[in-house]
Amino acid sequence: MSEYGDESDFQHHVEELEHTSASAARLFDVRRVIGGLFVVYGVIVTIAGFTVSDADLAKAQGININLWTGIGMLVLGLLFLLWMRLSPPPAPPAPQETPDREPHRPGDDG
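Attention in this report is confined to the structure presented alongside it. Note that the coordinates shown come from a computational prediction; the quantities given were computed from them, not determined experimentally.

1. A word on helix α4 (residues 65–86)
Next up, step 1: The end-to-end C-alpha separation of α4 is 31 Å, in line with the 32 Å expected for 22 residues at 1.5 Å each.
Next up, step 2: Buried within α4 are the following residues: L67, G70, M73, G77 and M84. For α4, the angular spread of the buried residues around the axis is 130°, confining them to a single face. Opposite the packed face of α4, turned more than 90 degrees from it, sit the exposed residues W68 and L86.
Next up, step 3: Against the buried residues of α4 lie α2 (30–50).

2. Remarks on the pattern of salt bridges
Next up, step 1: For the structure shown, the criterion picks out two salt bridges.
Next up, step 2: Among the ionic pairs, R31 bridges to D29, the shortest N-O distance being 2.9 Å. By the burial criterion, R31 is buried, and D29 matches it.
Next up, step 3: Across the pair D56 and K59 runs a salt bridge, and its minimum N-O distance is 3.9 Å. Here D56 and its partner K59 are both found in helix α3 (residues 54–59), three residues apart, which amounts to about one turn of the helix.
Next up, step 4: A relative accessible area of 38% places D56 in the partly exposed class.

Cut-offs applied
Residues numbered from 1 in each chain as written. Predicted model: local features only at pLDDT ≥ 70, side-chain atom pairs only at ≥ 80, totals over all residues. Heavy atoms only, no water. Helix = DSSP H or I, 4+ residues; strand = E, 2+ residues; numbered from the N terminus. Expected span 1.5 Å × (residues − 1). Buried < 20%, exposed > 50% of the residue type's maximum accessible area, 1.4 Å probe, protein only. Arc of directions from axis to C-beta. Contact = heavy atoms within 4.5 Å. Salt bridge = Lys/Arg side-chain N within 4 Å of Asp/Glu carboxyl O.

Following this line, the structure appears as structure tokens:
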């Protein structure tokens with residue numbers, strides 16, 4: 001005898017795991033992770049761009065590289081998050097109801 005009891009308990013456990021797995025896949029959608037990281041790093045680099053010194057600007061030939069890179073990262077991260085919002089991953093299928101009676105097995109005559 002297995003730890004799940006009979007076959008219907010095992011099938012119910014498998015369906016619960018499939019539903020949990022689909023929910024976890026939606027939660028850890030790669031677009032959310034990439035977009036979130038780009039937004040966080042974009043904020044950090046943009047702040048570094050606002051606090052740039054004159055010596056750093058002179059090294060970059062007068063272009064505030066941190067500011068432009070930070071803004072680009074923010075835009076890219078927000079585009080990923082917008083993409084996820086406009087095209088969400090499909091919802092997991094609803095668990096199917098199992099019949100109350102046992103399925104007929106070959107060799108059973110009752």
